[in-house]
Each structure stands twice: as structure tokens, then as C-alpha cells.
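Structural description and commentary
Read off the chains here:
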Amino acid sequence: MLDYETLRIIWWLLIGILLIGFSIMDGQDMGVGTLLPFLGKTDTERRCMINAVAPHWDGNQVWLLTGGGAIFAAWPLMYAAAFSGFYWAMLLVLLTLILRPVGFDFRGKIAATRWRTTWDTCLFLGSAVPPLIFGVAFGNLLQGVPFHFDDTLRPIYTGSFTALLNPFALLCGIVSLSMFIFHGANYLVLRTDGELRQRARSVSRVCGLITAVLFIAVSLWGWFGIDGYRIASDIATDTPSNPLAKHVIIEPGAWLRNLTACPLLWIIPVLGLASTLTGAILGGRGRGGAAILCSSLTMLCLVLLPLVAMFPFVMPSSSQPDASLTLWDCTSSQLTLFIMLIVTIVLLPPVLIYTTWAYKVMSGKITPAYIKAHDKQLY
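Being a predicted model, the structure only gives us computed values, none of them experimental.

1. Considerations on the overall build of the protein chain
Of regular secondary structure, the protein chain possesses 14 helices and six strands. On the principal axes, the C-alpha backbone points of the protein chain span a range of 65 × 40 × 40 Å. Looking at the protein chain as a whole, 50% of its 379 residues are labelled buried. Of the roughly 16800 Å² that the protein chain leaves accessible, carbon and sulfur atoms contribute 70%. Distance between charge centroids for the protein chain: 16 Å, based on 24 positive and 20 negative side chains.

Put into C-alpha cells, the structure is as follows:
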């Protein structure tokens, strides 16, 4: 069996991979869904957009469900603190995610304009709200969440839902939403044709530039405008989890410590910015395949950057800094992490192989002519 410290690092990496996988895979679906009421000018164009993502959206959403399950099993203390502190936000995400399957299934049942417009709105809400909320959640994690532990190590959240909607967190939410829209526009450039594709090219160009500017703004604000957290005592990395067995201080610029300590990590924000600008240029020129690779790299970097900046913190506490959760003191037991790793090693490759096969088989352009030729079989 691997040692406890190594297993903790591995699961920090795996949870990061799941978050990145969700952003890249489900990001294209949610980006397209967010654009649905605005980019599709006719019902046929909106059906083109829907059917471009229809074969994959439910499979892609499994990344989100798996990420939540992994956090529950690998980081139970964080799961308890986060899902109590962010309860109303997560409930809102759940309610809007429910709108996605019913929107896909019921939209095509009746051809009435009002009926389809209603379900288009549901698909928009189910696609736009989750990335916005997830961005807000990341913004609050960077600032610290007001929670503490009682004598039985039960997390007690002392904040409110409205306090989560602070300026920095809202900016993070807007960055997240813009990033998803950029990714979805590039996917439409790849999968559609005609006037719809031309409009998607314009959105890719504009939204890519907006994402780059917002990325710079939120990075500078996060590094220099808010205080970070630092462990100011020794911490055991291979003992049973105890989040109160350390001393944490809050200080300006603490989220820059990892990047300054390892200059090689600066490649993450630089690569993220470069891929965003490159993706905007390529998307605007109609090179959908290259553009979506760039926006995927953008998502990887924008999700990875806060994780690396916060390392080893996973959920800092603003009301009791010493109770801040790190990957060293919020994990399950060594045996649990090892069993989960074996299951992941066995099951993850078939999932990746099947996903690759599904995208290969169901590739190609979704055009108005294709929609009309398969009118009864498609959404």
C-alpha cells in the first residue's frame, strides 16, 4: 500500500483532474446551452445547437457527479463544511441542472413556439447558472469561508448566502461563465455550418478577448487585492486527519507564495492567457478544431491556477484560520484512499476509451439540411 502522504497528494491531483474534466467536457454543453436563446435565430438553428451536444451532454455531466462523489469520499470534512456553507448555492445548482434533461426531452414534443421557447429558457438556465455559481464558490474559497469546528469536529458555518455574493466572488463567477461561453462557441464553430457558424465565430472572438481581460483582472485582484493563508507551524502529512493541529495566519500576497517559490508554475497563468487569445483568433477564423483545443487549455489553466495557488489549502476558514482545511488534514483514512485509487485505476480507462469512441462516431457537422432529413429522430 502507498504511504498516506502520497495517497493524499494523488487524490488532490485526481479531484483536480475531475474538476478540469467537468469544465472541459460539460463546459462545451453548458456554453452552447447558454448561447441557445441568443445565437439561434430560427427553430432549426436552435435544433442544430441542441443536437450538436445532445449525444454527449448526459455523459459529460457524469464528471460533475463523480467530482462531488470523490470529494465526499476523499475529503469528507471539506464536503461537510462546503455543502453546509454553500447549501443554498448548491441547491440552486441542483434545481437548474434538473432543467437540462427535461428541457432536452420535452422541447421537441410540441412544435408550438411558446412551448419551445419555454424549454429553451430552461436549457439556458440549466447551462448558465451552474458555471456562474461554481465561479462564485471558487472566489469565496480564495477569500476564506466563515466556518469553525466544535469540540466534536462538526463544522459550523457562520456566514450567509448573500455574503457569498461579494464583488470578488461575483467577478470569479463572470470569468467562469465567460470561459464556458467561449468554449461553447468554439464547439459550435467546429460542429455547425452556415450563418449559425458565422455568428459562433464572432462570439468566439469577442468572448475570448473578454475572458482574457477578466482573467487578468481576477488574477491581479486575487494576488494583490485579497489576503491569502499560510501555515505558520509544523504540520504532519502522514497522520490521521485533525484540522485543528496547526496554526494558520492570514497575510497579504500569500496566494503568490507557491508561484514565487517555484517559478516554473508561472507557466500556468501565462499559458492560460496565451491559449485564450489564440483560441479567440482561431475561432474567429473558423478553425474550430484548433480553437476548441485552445479553449480546453484555457479551462485547464483557469481551474488549475487557484488550486496551485492555494496548495495545500482546499478550504480556508476566515472566522477561525486554524480550522482551515488542507489536503493533509481533511482526508479519509489511508485504506479508504487506497481502495478508491484501485477502483479509479480500473474504471477510469474504459470511461475515457468509451468517451473518445463516442465523440469519434458522432462527429461531423450538424446542418439545417441534416435536421430536416432526420426531423423525427432528432431533438
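2. A look at the nonpolar core
If you look at soluble globular proteins, the nonpolar side chains tend to sit buried side by side. Core analysis: the biggest nonpolar cluster contains 75 residues, and Trp11, Trp75, Met78, Phe86, Trp255, Met315 and Leu325 have the highest contact counts within it. Per-element tally for this core: the top contributor is helix H1 (residues 4–39), with twelve residues. In this structure Trp75 touches Trp11, Trp12, Ile15, Ala70, Val314, Cys330 and Thr331, once residues within four positions along its chain are discounted. Counting 26 residues, the second largest nonpolar core, distinct from the first, contains Ala52, Val53, Ile181 and Ala280.

3. Observations regarding helix H11 (residues 267–284)
Between its first and last C-alpha, H11 extends 25 Å over 18 residues, near the 26 Å set by a 1.5 Å rise per residue. Packing partners of the buried residues in H11 comprise helix H8 (167–191), helix H9 (194–225), helix H10 (257–261) and helix H12 (288–310). Gly286 sits one or two positions beyond H11 and adopts a positive phi of about 85°.

4. Examining the pattern of salt bridges
Across all of its chains, the model carries twelve salt bridges by this definition. As a salt-bridge pair, Arg46 and Asp120 come within 3.2 Å of each other at their nearest N and O atoms. Remark: Asp120 occurs in helix H6 (residues 113–143) and Arg46 occurs in helix H2 (residues 43–53); sequence separation between them is 74 residues. Judged on exposure class, the residue Arg46 and its partner Asp120 are both buried. One salt bridge in this structure joins Glu251 and Arg257, with 3.8 Å as the shortest N-O distance. Ionic contacts of the salt-bridge type, sharing partners, join the residues Asp43, Arg46, Arg107, Arg116 and Asp120 into one network.

5. Quick notes on the environment of Ala212
For Ala212, the location among the structural elements is in helix H9. Classification of Ala212 as buried rests on a relative accessible area of 4%. Along the sequence, Ala212 and Gln377 sit 165 residues apart, while their C-alpha atoms lie 40 Å from each other. The contact partners of Ala212, leaving out residues within four places of it in the chain, are Leu273, Thr276 and Leu277.

How each quantity is defined
- Think of each chain on its own: its residues are numbered from 1, step by step along the sequence as written.
- Given that the model is predicted, a residue must reach a pLDDT of at least 70 before its local features are reported, and side-chain atom pairs must reach 80 or more before they are shown or counted; all residues, however, enter totals for whole chains, interfaces and linings.
- The side-chain numbers reported here are obtained from all heavy atoms of the structure, hydrogens and water having been left aside.
- Going along the chain from the N terminus, every DSSP run of H or I of four or more residues is numbered as a helix, and every run of E of two or more is numbered as a strand.
- Classification of residues uses two cut-offs on accessible area relative to the type maximum, computed with a 1.4 Å probe and protein chains only: under 20% is buried, over 50% is exposed, and between them is partly exposed.
- For the area figures, the Shrake-Rupley method with a 1.4 Å probe applies, and any residue is considered shielded solely by the protein chains shown.
- Only four residue types enter the tally: Lys and Arg on the positive side, Asp and Glu on the negative side; His and the chain ends are excluded.
- Throughout, a charge is located at the NZ atom of Lys, the CZ atom of Arg, the CG atom of Asp or the CD atom of Glu.
- We define the nonpolar core as a collection of buried residues of types Ala, Val, Leu, Ile, Met, Phe, Trp, Tyr and Cys that are connected through side-chain atoms lying within 4.5 Å of one another.
- Working rule for contacts: check all heavy atoms of both residues, and any pair within 4.5 Å makes them a contact.
- The span one expects for a helix is its residue count, reduced by one, times 1.5 Å.
- Salt bridges, as used here, are contacts in which a Lys or Arg side-chain nitrogen is within 4 Å of a carboxyl oxygen on Asp or Glu.

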